[in-house]
Amino acid sequence: MAYDQNNIFAKILRQEIPCITVYEDEYTLAFMDIMPQATGHTLVIPKYQAVTLLDLPASELTYTMHTVQKVVHAIEKGLNAKGIVLMQLSGESAGQTVPHVHFHLIPSSVHDLKEHASNMADQTELKLLAEKIKAAF
Ligand code: AMP
């Protein structure tokens with residue numbers, strides 16, 4: 001599937017729309033999910049333009065997973081979380097809504113997840129959570 005330059009995460013990467021960042025380096029970006037399925041729900045994306053997991057070269061995937069691990073560590077430490085649901089929806093059929101590959105890091109139990117991409121969180125609360133996560137790197 002062709003990469004849509006106008007998808008919301010491409011706009012975030014070009015800084016055309018804001019996000020609440022918790023981590024950034026040359027190849028990856030992590031930011032708060034605006035419709036969290038649990039408190040502290042964070043997204044990690046590669047900067048590489050890939051729609052699904054299968055469009056991501058192995059080297060990019062490896063790097064992105066290192067970032068996922070770093071961010072999981074910071075979420076657990078910063079939010080005193082006991083475990084993380086790591087979720088990746090690859091393709092529209094799986095429910096993927098944003099066509100830029102991303103990993104969901106959700107400090108919760110799989111049995112307690114709220115509905116996917118449904119309820120906007122309070123921005124001030126998200127910023128506070130992001131500060132706690134950033135302080136834990
Ligand atoms: P998926 O359905 O796996 O593609 O997940 C997309 C995720 O992006 C959902 O959890 C949405 O809540 C989240 N989302 C959509 N727009 C934004 C945005 N502007 N900033 C942060 N998260 C977003």
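Residues numbered from 1 in each chain as written. Predicted model: local features only at pLDDT ≥ 70, side-chain atom pairs only at ≥ 80, totals over all residues. Heavy atoms only, no water.

**Here's the deal with the sheet that holds strand 3 (residues 42-46)**
Rules: Pairs of strands are assigned from DSSP output, requiring at least two bridges between the strands. Secondary structure is summarised from DSSP: a helix means a run of H or I of at least four residues, a strand means a run of E of at least two, and numbering begins at the N terminus for each. With axes taken as lines fitted to C-alpha atoms, and helix axes fitted only over the stretch in contact, angles between N-to-C directions fall between 0 and 180 degrees. It only takes one pair of heavy atoms within 4.5 Å for two residues to be counted as in contact.
Spatially, 1-2-3-5-4 is the arrangement adopted by the 5 strands of the open sheet, whose pairing is antiparallel. Every interior strand has two partners, whereas the edge strands, strand 1 (21-24) and strand 4 (85-87), have only one. Strand-to-strand twist in this sheet, taken as the mean axis angle between neighbours without regard to direction, amounts to 15°. Sheet contacts for helix 2 (residues 58-78): strand 1, strand 2 (28-32), strand 3, strand 4 and strand 5 (103-106); angle to strand 5, the most-contacted strand, approximately 15°. In the packing of helix 3 (residues 123-134) onto the sheet, the strands contacted are strand 1, strand 2 and strand 3, and the crossing angle to strand 1 comes to about 35°.

**A closer look at the packing of aromatic side chains**
Stated precisely, the cut-off is as follows: For Phe, Tyr and Trp, where Trp contributes only its six-membered ring, two rings pair if their centres lie within 6.5 Å, and the inter-plane angle classes them as stacked under 30 degrees, edge-to-face over 60, or tilted in between. Residue exposure (1.4 Å probe, protein chains only): buried if accessible area is under 20% of the type maximum, exposed if over 50%, otherwise partly exposed.
Applying the stated criterion across every chain, the model contains 3 aromatic pairs. Both rings, one in F9 and one in F31, keep their centres 5.3 Å apart while their planes meet at 80°; by these two values the pair is edge-to-face. Pair noted here: F9 is in helix 1 (residues 8-13) and F31 is in strand 2, with a separation of 22 residues, a long-range link. Take F9 and F31: they sit in the same class, and that class is buried. Ring centres of Y23 and F137 lie 5.3 Å apart, and the angle between their planes is 25°; on these two criteria the pair is classed as stacked. Of this pair, Y23 sits in strand 1 while F137 is found in the segment after helix 3, placing the two residues 114 residues apart along the sequence. For Y23, a relative accessible area of 15% puts it in the buried group.

**What to know about the layout of surface pockets**
Keep this limit in mind: Using a 1 Å grid laid over the protein atoms alone, points where a 1.4 Å probe fits but cannot get out form a cavity; open sets with protein on both sides within 12 Å along at least 5 of 7 lines form a pocket; any residue with an atom within 4 Å of a point counts as lining. Grid points are joined across faces, edges and corners, and a volume is the space filled by probe spheres set on the points. Residue type decides the class: Asp, Glu, Lys and Arg count as charged, Ala, Val, Leu, Ile, Met, Phe, Trp, Tyr, Cys and Pro as nonpolar, and the leftover types, Gly among them, as polar.
Volume-wise, the largest pocket comes out at about 400 Å³. Forming the walls of the largest pocket are 24 residues, and the residues nearest its centre are F9, F31, M32, D33 and I34. Taken as a whole, the second largest pocket holds about 150 Å³ of empty space. Of the residues that constitute the lining of the second largest pocket, the class distribution is 5 nonpolar, 3 polar and 3 charged.

**Observations concerning the site of the ligand**
Applied cut-off: Being near a molecule or strand, for a residue, means having at least one of its heavy atoms within 4 Å of it. Any pair of nitrogen or oxygen atoms within 3.5 Å is treated as a polar contact; in protein, a donor-acceptor pairing is required on top of that, and neighbouring residues in sequence qualify only through side-chain atoms on both sides. Accessibility throughout is a Shrake-Rupley quantity obtained with a 1.4 Å probe, and a residue counts as covered only by protein chains that appear here. Put plainly, a molecule is in a cavity or pocket when over half of its atoms are within 2 Å of the grid points there.
By nearness alone, 18 residues border the ligand, and D33, T97, H102, H104 and H116 come closest of all. T97 is positioned with one of its side-chain polar atoms (N or O) 2.6 Å from an oxygen atom of the ligand. Taking H102, its side chain carries an N or O atom lying 2.9 Å from an oxygen atom of the ligand. Surface burial for the ligand is 94%, taken as the share of its 510 Å² of free accessible area covered by protein chains. Placement of the ligand is best described as lying within the largest pocket. Elements that contribute at least two residues to the shell around the ligand include exactly helix 1 and strand 2. Examining the composition of the shell around the ligand, we find that 3 residues originate from one element, helix 1, more than from any other. Residue composition of the shell around the ligand, grouped by class: 11 nonpolar, 6 polar and 1 charged.

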